[in-house]
Amino acid sequence: MKAALVTGASGDIGASIARGLARSGWSLYLHYHSNQEKIRLLLSELQSAYPEQEFYPLRLDLSDEAGVSALAESIFSLQAIVFAHGKTEYGLLQDMTSRQMDDLWKMHVKMPILIIQALQDKIARSRNGRIVFISSIYGEAGSGLEVLYSTVKGAQIAFVKAYSKEVASLGITVNAVCPGAIDTQMNAHLDNDEKEALLEEIPLGRMGEPDEISFWAVQLLKENSRYMTGQSICVSGGWLR
Ligand SMILES: NC(=O)c1ccc[n+]([C@@H]2O[C@H](COP(=O)([O-])OP(=O)(O)OC[C@H]3O[C@@H](n4cnc5c(N)ncnc54)[C@H](OP(=O)(O)O)[C@@H]3O)[C@@H](O)[C@H]2O)c1
């Protein structure tokens, strides 16, 4: 049975990816950090809709390296990982602390790389492995007031380009999906004026929905996507492209 790990499955984009993959027959390891209730509800939804597949919750603080080996040991067989966890820090670069820099780097870059190191052999066994990062349009275009976030999202894209070359011979593809502004918890802090100003900049005139991002992640895990690797796919309603 094909199995995937979705990090940030308790988030809005991650949950949408989990639903899309479950619909396509995947068994899933559903990672979360603090939102146990959302994972409990998602698990029971998926278990009753797809009783022949398997769904396991996995809790891990992705700012704590110590948990990586326990995570890897609790995963028996795996064909794919989708990294869909994350957070940002708003403010001028001048006001950012060394701690904030370390936290963002660790969560978005170092921890995913440690997880990949720990799971690469398992993923390679299928000869048709898949790794997808949910990066950001800011990793391509950059954003003032989110300079650190843009930097680590850009690092994810650089990692995808380099690592895809290293593991191509193992049959593993590595790609990034770069969302624009998506209507999720991450943007819940925007007030009406901020939202209006943002929408004026987006050619399609609206924010995206989580399923408009999960669609592409699910496509990348399909068997027919095996010739696509080392790419970043921007899904931003034309914003910042
Ligand atoms: N929304 C957008 O406009 C947008 C645009 C571009 C890129 N993205 C990227 O898309 C991905 C998903 O974002 P989203 O919009 O779905 O955000 P979201 O709904 O806020 O979900 C964030 C996810 O990250 C997890 N997380 C946060 N801190 C964590 C930690 N210390 N350890 C482990 N997990 C942690 C959360 O887990 P718990 O809730 O369980 O704590 C949750 O599952 C992120 O990488 C984000 O950067 C989003």
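Rules of the game
- Residues numbered from 1 in each chain as written.
- Predicted model: local features only at pLDDT ≥ 70, side-chain atom pairs only at ≥ 80, totals over all residues.
- Heavy atoms only, no water.
- 1 Å grid on protein atoms, 1.4 Å probe; cavity = no way out; pocket = protein on both sides within 12 Å on 5 of 7 lines; lining within 4 Å.
- Points joined across faces, edges and corners; volume = space filled by probe spheres on them.
- Helix = DSSP H or I, 4+ residues; strand = E, 2+ residues; numbered from the N terminus.
- Nonpolar A, V, L, I, M, F, W, Y, C, P; charged D, E, K, R; others polar.
- Salt bridge = Lys/Arg side-chain N within 4 Å of Asp/Glu carboxyl O.
- Buried < 20%, exposed > 50% of the residue type's maximum accessible area, 1.4 Å probe, protein only.
- Pairing = 2+ DSSP bridges.
- Right-handed = clockwise from strand over helix to strand, strands pointing away.
- Axes fitted to C-alpha atoms, helices over the stretch in contact; angles between N-to-C directions.
- Parallel < 35°, antiparallel > 145°, perpendicular 65-115°, else oblique.
- Left-handed = near helix turned anticlockwise from the far one by under 90°.
- Contact = heavy atoms within 4.5 Å.

J.: Explain the layout of surface pockets to me, please; I cannot follow it from the model alone.
T.: Over the atoms rolls a probe the size of a water molecule, and in doing so it shows where empty space is left. As a volume, the largest pocket reaches approximately 1200 Å³. As for the largest pocket, its lining consists of 49 residues, and the residues nearest its centre are Gly86, Lys87, Tyr149, Thr184 and Met186. A per-element tally of the lining of the largest pocket places helix 7 (residues 192-201) first, with 4 residues. Tallied by class, the residues present in the lining of the largest pocket amount to 20 nonpolar, 22 polar and 7 charged. Taken together, 13 residues form the lining of the second largest pocket, with Gly208, Glu212, Val235, Ser236 and Gly237 sitting closest to its centre. In terms of residue class, the lining of the second largest pocket is built from 7 nonpolar, 4 polar and 2 charged.

J.: Can you help me understand the pattern of salt bridges in this one?
T.: Pairing is possible between side chains of opposite charge, provided their charged atoms come close. Under the counting rule described, the total for this entry stands at 8 salt bridges. Between Lys110 and Glu65 there is a salt bridge; the shortest N-O distance is 2.8 Å. With a gap of 45 residues between them, Lys110 in helix 4 (residues 98-124) and Glu65 in the loop between strand 3 (55-59) and helix 3 (68-73) connect regions that are remote in the sequence. Glu65 gets classed as partly exposed once you look at its relative accessible area, which sits at 33%. Here Arg99 ties to Asp103 by a salt bridge, and the two come within 3.7 Å at their closest N and O atoms. One end of the pair is Arg99 and the other is Asp103, both in helix 4 and 4 residues apart, which spans about a single turn. Looking at Asp103, the relative accessible area reads 22%, which means it is partly exposed.

J.: Would you mind going over the pairing of strand 2 (residues 27-32) with me for this structure?
T.: Consecutive side chains along a regular strand alternate between the two faces of the sheet. A large share of strand 2 lies buried, amounting to 6 of its 6 residues. The side-chain alternation of strand 2 yields two buried faces, one formed by Ser27, Tyr29 and His31 and the other by Leu28, Leu30 and Tyr32. The pairing of strand 1 (residues 3-7) with strand 2 spans 4 bridges and is classified as parallel. Within the sheet, the bridge partner assigned to Val6 lies in strand 2 and is Leu30. Note on the crossover from strand 1 through helix 1 (residues 12-23) to strand 2: the handedness is right-handed. In this sheet, strand 3 lies alongside strand 2 in parallel orientation, the contact comprising 5 bridges. For His31, the partnering residue across the bridge sits in strand 3 and is Leu58. Assessed by its sense of winding, the connection that carries the chain from strand 2 through helix 2 (residues 36-49) to strand 3 is right-handed.

J.: So what exactly am I meant to see when it comes to the packing of helix 1 against helix 8 (residues 210-221) here?
T.: Helix packing geometry: the angle between the two helix axes and the distance between the axes. The geometry of helix 1 relative to helix 8 is characterised by a closest axis approach of 8 Å and an angle of 50° between their N-to-C directions. Regarding the angle of helix 1 to helix 8, the classification is oblique. Like other packed secondary-structure pairs, helix 1 and helix 8 cross with a definite hand, here right-handed. In this structure, helix 1 contributes Asp12, Ile13, Ser16, Ile17, Gly20 and Leu21 to the contact, and helix 8 contributes Pro210, Asp211, Ile213, Ser214, Ala217, Val218 and Leu221. In terms of residue class, the contact of helix 1 with helix 8 is built from 8 nonpolar, 3 polar and 2 charged.

J.: Explain the sheet that holds strand 4 (residues 80-83) here, please?
T.: By way of backbone hydrogen bonds, the strands of a sheet pair with one another, either parallel or antiparallel. If you trace the 7 strands from one edge of the open sheet to the other, you get 3-2-1-4-5-6-7, paired in parallel fashion. The strands lining the two open edges of the sheet, one partner per strand, are strand 3 and strand 7 (232-235). In this sheet, adjacent strand axes meet at a mean angle of 15° when their direction is disregarded. Across 4 bridges, the pairing between strand 4 and strand 5 (residues 130-134) is parallel. Bridge assignment links Val82 to a residue of strand 5, and that residue is Val132. In the packing of helix 2 onto the sheet, contacts are made with strand 2 and strand 3, and the angle to strand 2 comes to roughly 170°. Taken strand by strand, helix 6 (residues 147-167) contacts strand 5, strand 6 (173-179) and strand 7, and its axis lies near 160° from that of strand 6.

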